[in-house]
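Spelled out from the first residue to the last, the chains are:
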Amino acid sequence: MAELKRVLGFKTLVIISIISMMGSAVFFDPPLGAAIAGPGSIISWILLTLLAVFIAKCFGELAAMFPKAGGIYEYSKQAFGRFPSFIIAWISLLVSIISIAMLSIGAVQYLAPTQSTLFKIIVSSIIIIAFTIIAYRGIETSSMATVFFGIISIVLLLSIIIPGFFKMDLRSEERRVGKE
């Protein structure tokens, strides 16, 4: 059986891991969480961040235990055998494809809410086709695109978080109302 090539370096894997833990929900879900839970939503983000770190540590340990290319397929093969790992790998692939489609539709809806449905379908389809072409080109091209979008995501988040620290008002509501 042919072996998979190892083409991803340490820095690339770190950025991919950060982006995988962050996810795209960090851009779309905070307003919804804040509307439902108020300031308590920050606690849920902290807890979910800790959970994501523990999951990343588990995958890091698995990578150290089984230093072969193949990722989740290889890990599940060691635990459950070939056929279950085949099913797990295909489910993982399908979830990734569906996620790309949902994210592209969500991004277009978020960025162009007043545009027609046809416009949104066309733009979403172009995004999906572009990412499919990138994936088809191979892991090197896919990892470069992931690192590119990952760096953009991190810079965007930092450009929101850092100025936000200077605008925070930690006084209670009663003290704020009394001062105004």
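All chains use their own residue numbering, which begins from 1 and follows the written sequence. A pLDDT threshold of at least 70 governs which residues receive local features in this predicted model, and a stricter bar of 80 or more applies before side-chain atom pairs are shown or counted, although totals over entire chains, interfaces and linings include all residues. As a convention, hydrogens and water are excluded, and side-chain values are obtained from all of the structure's heavy atoms.

Side note on the overall build of the protein
Then, in step 1: When helices and strands are counted, the protein shows nine helices and zero strands.
Then, in step 2: Think of it this way: any DSSP run of H or I at least four residues long counts as a helix, any run of E at least two long counts as a strand, and we number them from the N terminus. When its helices and strands are written in sequence order, the protein yields α-α-α-α-α-α-α-α-α.
Then, in step 3: Only protein chains enter the calculation, and the probe is 1.4 Å; a residue is then buried if its accessible area is under 20% of its type maximum, exposed if over 50%, and partly exposed in between. Sorting the 180 residues of the protein into buried and exposed places 13% on the buried side.
Then, in step 4: Across the protein, every contact between residues at least 6 apart in sequence was considered, and the portion connecting residues at least 24 apart equals 48%. Residue contacts follow a heavy-atom distance rule, with two residues in contact if any of their heavy atoms lie within 4.5 Å.

Structural notes on the packing of helix 5 (residues 72–80) against helix 6 (residues 82–111)
Then, in step 1: Throughout, an axis means a line fitted to C-alpha atoms (over the contacting stretch in the case of helices), and angles, computed between N-to-C directions, take values from 0 to 180 degrees. Look at helix 5 against helix 6: their axes get within 8 Å of each other, and the N-to-C directions meet at 150°. With respect to helix 6, the axis of helix 5 lies roughly antiparallel. You can see that helix 5 and helix 6 cross each other, and the crossing is right-handed. Taken together, the residues of helix 6 that come into contact with helix 5 (itself represented by Ile72, Tyr73, Ser76, Lys77 and Phe80) are Arg82, Pro84, Ser85, Phe86, Ile88, Ala89 and Ser92. Roughly parallel covers angles under 35 degrees, roughly antiparallel covers those over 145, roughly perpendicular covers 65 to 115, and oblique covers all other angles. With the far helix as reference, a near helix turned anticlockwise by less than a right angle produces a left-handed crossing, and one turned clockwise produces a right-handed crossing.

Observations concerning the packing of aromatic side chains
Then, in step 1: Paired rings are identified among Phe, Tyr and Trp, the last through its six-membered ring, by centres lying within 6.5 Å, and are further divided according to the angle between planes into stacked (under 30 degrees), edge-to-face (over 60) and tilted (the rest). Enumeration over the complete set of coordinates arrives at four aromatic pairs.
Then, in step 2: A ring pair is formed by phenylalanine 86 and tryptophan 90, whose centres lie 6.3 Å apart and whose planes are at 65°; its orientation type is edge-to-face. Within this pair, phenylalanine 86 and its partner tryptophan 90 are both found in helix 6, separated by four residues, close to a single helical turn.
Then, in step 3: Classification of tryptophan 90 by relative accessible area gives partly exposed; the value is 47%.
Then, in step 4: On the basis of an interplanar angle of 70° and a centroid distance of 5.3 Å, the ring pair of phenylalanine 148 and phenylalanine 149 is categorised as edge-to-face.
Then, in step 5: Residue class for phenylalanine 148 comes out partly exposed when judged on its relative accessible area of 48%.
Then, in step 6: For phenylalanine 149, a relative accessible area of 40% puts it in the partly exposed group.
Then, in step 7: Clustering of aromatic rings is evident, with ring pairs tying together Phe83, Phe86 and Trp90.

Focus: the side chain of serine 104
Then, in step 1: Take serine 104: it is sitting in helix 6.
Then, in step 2: Not counting residues up to four positions away in its chain, the partners in contact with serine 104 are Ser124, Ile127 and Ile128.

Some words on the side chain of serine 142
Then, in step 1: Looking at the element boundaries, serine 142 is found in helix 8 (residues 139–167).
Then, in step 2: A relative accessible area of 18% places serine 142 in the buried class.
Then, in step 3: Not counting residues up to four positions away in its chain, the partners in contact with serine 142 are Ile134 and Ala135.

Concerning the packing of helix 3 (residues 30–37) against helix 4 (residues 40–65)
When two helices pack together, you describe them by how their axes are tilted relative to each other and by the distance separating the axes.
Then, in step 1: Put simply, helix 3 and helix 4 touch, their axes get as near as 7 Å, and they point 125° apart. Our classification of the angle between helix 3 and helix 4 gives oblique. Two secondary-structure elements touch here, helix 3 through Pro30, Gly33, Ala34 and Ala37 and helix 4 through Gly40, Ser41 and Trp45.

Points about the confidence of the model for the protein
Then, in step 1: For the protein, the mean per-residue pLDDT works out to 80, and 88% of the residues sit at or above 70.
Then, in step 2: Mean pLDDT values over the elements of the protein span from 58, in helix 9 (residues 173–179), up to 88, in helix 7 (residues 117–137). Known as pLDDT, the predictor's per-residue confidence is scaled from 0 to 100.

Observations regarding the environment of tyrosine 73
Then, in step 1: Here tyrosine 73 lies in helix 5.
Then, in step 2: Taking the C-alpha atoms as reference points, tyrosine 73 and tryptophan 90, separated by 17 residues in sequence, lie 9.0 Å from one another.

Remarks on the environment of glutamine 109
Then, in step 1: In this structure, glutamine 109 sits in helix 6.
Then, in step 2: By relative accessible area, glutamine 109 is classed as partly exposed at 39%.
Then, in step 3: Sequence spacing of glutamine 109 and isoleucine 121 is 12 residues, and the spatial spacing of their C-alpha atoms is 9.7 Å.

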